[in-house]
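Single-letter residue listing:
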Amino acid sequence: DAGVIQSPRHEVTEMGQEVTLRCKPISGHDYLFWYRQTMMRGLELLIYFNNNVPIDDSGMPEDRFSAKMPNASFSTLKIQPSEPRDSAVYFCASSSNQGAGGNTIYFGEGSWLTVV
Amino acid sequence: KNQVEQSPQSLIILEGKNCTLQCNYTVSPFSNLRWYKQDTGRGPVSLTIMTFSENTKSNGRYTATLDADTKQSSLHITASQLSDSASYICVVKKDYKLSFGAGTTVTVRA
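All values derive from a computational prediction rather than experimental measurement.

1. Notes on the overall build of chain B
- Along its length, chain B carries 0 helices and 11 strands.
- Counted from the first residue to the last, chain B has its helices and strands arranged as β-β-β-β-β-β-β-β-β-β-β.
- The C-alpha atoms of chain B give 13 Å as radius of gyration, which agrees with the globular expectation for 110 residues (13 Å, within 12%).
- The C-alpha extent of chain B, read off along each of the three principal axes, is 40 × 25 × 20 Å.

2. Quick notes on the state of the cysteines
- With the rule as written, the count across this model stands at 2 disulfides over all chains.
- The disulfide partner of A:Cys23 is A:Cys92, and the S-S distance across this bridge is 1.9 Å. With the S-S bond torsion at -70°, the cross-link from A:Cys23 to A:Cys92 turns out left-handed. Note that A:Cys23 is positioned in strand E3 (residues 19–24) and A:Cys92 in strand E9 (residues 88–95), a separation of 69 residues in sequence.
- Residue classification places A:Cys92 among the buried positions, given a relative accessible area of 0%.
- Across a sulfur-sulfur distance of 2.0 Å, B:Cys23 and B:Cys90 are joined as a disulfide pair. Negative torsions about the S-S bond denote left-handed disulfides, and the value of about -70° found for B:Cys23 with B:Cys90 makes this one left-handed.

3. A look at the layout of surface pockets
- If you add up the space inside the largest pocket, you get close to 1100 Å³.
- Lining the largest pocket are 38 residues, and of these A:Gln37, A:Thr38, A:Gly42, A:Leu43 and B:Ala102 sit closest to its centre.
- Among the elements of the structure, strand E4 (31–38) and strand E5 (42–50) of chain A together with strand E9 (86–94), strand E10 (97–100) and strand E11 (104–109) of chain B are those that each provide at least two residues to the lining of the largest pocket.
- Top contributing element to the lining of the largest pocket by residue count: E9(B), with 5 residues.
- Among the residues forming the lining of the largest pocket, the class breakdown is 15 nonpolar, 16 polar and 7 charged.
- Those elements that provide at least two residues to the lining of the second largest pocket are strand E10 (106–107) of chain A together with strand E5 (45–51) of chain B.
- A per-class count over the lining of the second largest pocket returns 8 nonpolar, 4 polar and 1 charged.

4. With respect to the packing of aromatic side chains
- Scanning the model with the defined rule gives 11 aromatic pairs over all chains in all.
- On the numbers, 6.5 Å between centres and 35° between planes, the contact of A:Phe65 with A:Tyr90 is tilted. One end of the pair, A:Phe65, is in strand E7 (residues 65–71); the other, A:Tyr90, is in strand E9, and 25 residues separate them in sequence. One exposure class covers both A:Phe65 and A:Tyr90, and it is buried.
- Each ring, one from B:Tyr25 and one from B:Phe30, has its centre 5.1 Å from the other, and the planes form 75°; the classification is edge-to-face.
- Looking at B:Phe30, the relative accessible area reads 10%, which means it is buried.
- Three or more aromatic residues joined by ring pairs make a cluster, and in this case those are A:Tyr31, A:Phe33, A:Tyr35, A:Tyr48, A:Phe91, A:Phe107, B:Tyr36 and B:Phe100.
- Positioned above the aromatic ring of B:Tyr62, the side-chain terminus of B:Arg61 is 5.7 Å from the ring centre.

5. Comments concerning the interface of chain A and chain B
- The partner chain B presents 17 residues to the 20 residues of chain A that form the contact.
- Interface area for chain A against chain B, summed over the two sides, is near 1600 Å², with a carbon-plus-sulfur share of 52%.
- In this assembly, chain A and chain B are joined by 1 salt bridge.
- When the shortest N-O distance is used, the salt bridge between A:Glu109 and B:Arg42 registers 2.4 Å.
- Of all the secondary structure elements, the ones that give two or more residues to the side of chain A that touches chain B are E4 and E5 of chain A.
- With 3 residues, the top contributor of residues to the side of chain A that touches chain B is E5(A).
- Tallied by class, residues from the side of chain A that touches chain B come to 9 nonpolar, 8 polar and 3 charged.

Rules behind the numbers
Residues numbered from 1 in each chain as written. Chains lettered and ligands numbered in written order. Predicted model: local features only at pLDDT ≥ 70, side-chain atom pairs only at ≥ 80, totals over all residues. Heavy atoms only, no water. Helix = DSSP H or I, 4+ residues; strand = E, 2+ residues; numbered from the N terminus. Rg over C-alpha atoms; globule rule 2.2 N^0.38 Å. Disulfide = S-S within 2.5 Å. Buried < 20%, exposed > 50% of the residue type's maximum accessible area, 1.4 Å probe, protein only. 1 Å grid on protein atoms, 1.4 Å probe; cavity = no way out; pocket = protein on both sides within 12 Å on 5 of 7 lines; lining within 4 Å. Points joined across faces, edges and corners; volume = space filled by probe spheres on them. Nonpolar A, V, L, I, M, F, W, Y, C, P; charged D, E, K, R; others polar. Phe/Tyr/Trp six-rings, centres within 6.5 Å; stacked < 30°, edge-to-face > 60°. Lys NZ or Arg CZ within 6 Å of the ring centre and 35° of its normal. Contact = heavy atoms within 4.5 Å. Buried area = accessible area lost by both parts, 1.4 Å probe. Salt bridge = Lys/Arg side-chain N within 4 Å of Asp/Glu carboxyl O.

Written as structure tokens, this is what we have:
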């Protein structure tokens with residue numbers, strides 16, 4: 001399997017522009033997560049989906065952030081309008097089971113966003 | 001205050017030597033505790049997963065231990081290699097939520 005695939009790997013954009021990050025989870029995984037990583041705050045959960053349905057978006061910073069999962073093989077995280085403080089690495093991750101046994105969560109390589 | 005604290009923040013070791021990373025957590029009860037390795041510029045990769053009833057779990061030269069009574073875990077790296085240079089992140093899972101430590105940055109020098 002190719003693993004979790006994210007695009008773009010790197011993006012530099014101007015403040016105020018719309019940014020769309022894309023993710024293809026591992027085939028067969030029914031959980032998808034969006035995380036943000038910064039030096040100051042480490043890894044933070046933004047939102048997660050189960051079977052394409054958003055379950056918990058309490059980590060989404062504000063209304064400028066939105067996420068969708070139109071089907072089992074694709075998800076987007078959109079920031080509109082972007083601000084310099086949004087600069088971070090955004091990771092998508094997927095898992096096949098969220099039960100107490102805790103299957104492995106597989107991370108993509110991340111999308112490195114810089115807002116200038 | 002972070003529910004998962006890691007120490008040291010960083011360390012440098014010589015190739016071939018051993019080292020131990022510490023993780024203290026307050027999340028309780030929890031489903032499992034995980035150690036991830038994150039190479040620079042890459043996504044985290046799972047090393048070990050332990051439930052609260054497990055005391056130790058190995059993955060090659062990596063051995064994780066868990067003491068649920070003291071709420072401590074450690075990750076021991078044996079015979080370090082240059083490729084072990086990375087950030088190691090302790091993660092505690094409760095329900096669906098993962099609590100991440102800030103990570104320990106390990107640098108292995110030849």
